[in-house]
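# Examination of the molecular architecture
Spelled out from the first residue to the last, the chains are:
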Amino acid sequence: ERLRRRVLDDARDWEAQMLSRDPFPPLPLAEVRALPQPVLMLSGARTLPMHAAIDAALERALRSRTPPRPFARLTLDATHDVWTDAPEECRAATLEFLREGGARIEQ
């Protein structure tokens, strides 16, 4: 039942990808380097090699921003679906990242 629910939850994404003329448009790393805001990257240690390679390239681009901007990467014992596999760890890391950036978080 859990797997069935996950598949159905992803149905809209799959439909959008199947109907799109370009479901995976290129993301120039220059545009990643130009992001002005702080970035938190949550990665899964048990992800597919393709996703790990993409995460590594994104991390290199984000760490090379000039001037440097806040960046953090947390690799969790999870698959590519880190929010599904480790929701509490993701929530805690996100709240900590926001607080470190000066956000006031009410719980």
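What counts, and where the lines are drawn
- Residue numbers here run from 1 along each chain, matching the order of that chain's written sequence.
- Side-chain atom pairs in this predicted model are given and counted only at pLDDT of 80 or more, local residue features only at pLDDT of at least 70, and totals for whole chains, interfaces and linings cover all residues.
- Excluding hydrogens and water, the side-chain figures rest on all heavy atoms present in the structure.
- Each helix is a run of H or I in the DSSP string that is no shorter than four residues. Each strand is a run of E no shorter than two, and both are numbered from the N terminus.
- Any residue under 20% of the maximum accessible area for its type is buried, any over 50% is exposed, and the rest in between are partly exposed; the area is computed with a 1.4 Å probe on protein chains only.
- The contact criterion used throughout is that any non-hydrogen atoms of two residues lie within 4.5 Å.
- Using a 1.4 Å probe, the Shrake-Rupley method yields the accessible areas, and only the shown protein chains count as cover for residues.
- In these notes, a set of buried Ala, Val, Leu, Ile, Met, Phe, Trp, Tyr and Cys residues joined through side-chain atoms within 4.5 Å is what counts as a nonpolar core.

Helix and strand counts for the chain stand at six helices and two strands. Reading the helices (α) and strands (β) of the chain from amino to carboxyl end gives α-α-α-β-α-β-α-α. Overall, the chain is about 45 × 35 × 25 Å in size when its C-alpha atoms are taken along their principal axes. Counting over 107 residues, the chain shows a buried share of 21%. Put simply, of all contacts in the chain between residues at least 6 apart along the chain, 67% involve residues at least 24 apart. Entry remark: accessible area of the chain is about 8,300 Å², with carbon and sulfur atoms responsible for 57%.

Before going further, it helps to spend a moment on the nonpolar core. Of all hydrophobic cores here, the largest spans seven residues; its members are Leu42, Leu76, Ala78, Val82, Ala86, Cys90 and Ala93. Setting aside chain neighbours within four positions, we find Cys90 in contact with Leu42, Leu76, Val82 and Trp83. Counting six residues, the second-largest nonpolar core is a separate cluster that includes Val39, Met41, Ala61 and Phe71.

Its location among the elements puts Glu59 in helix α4 (residues 49-63). Apart from residues no more than four positions distant in its own chain, Glu59 is found in contact with Met41, Phe71 and Arg73.

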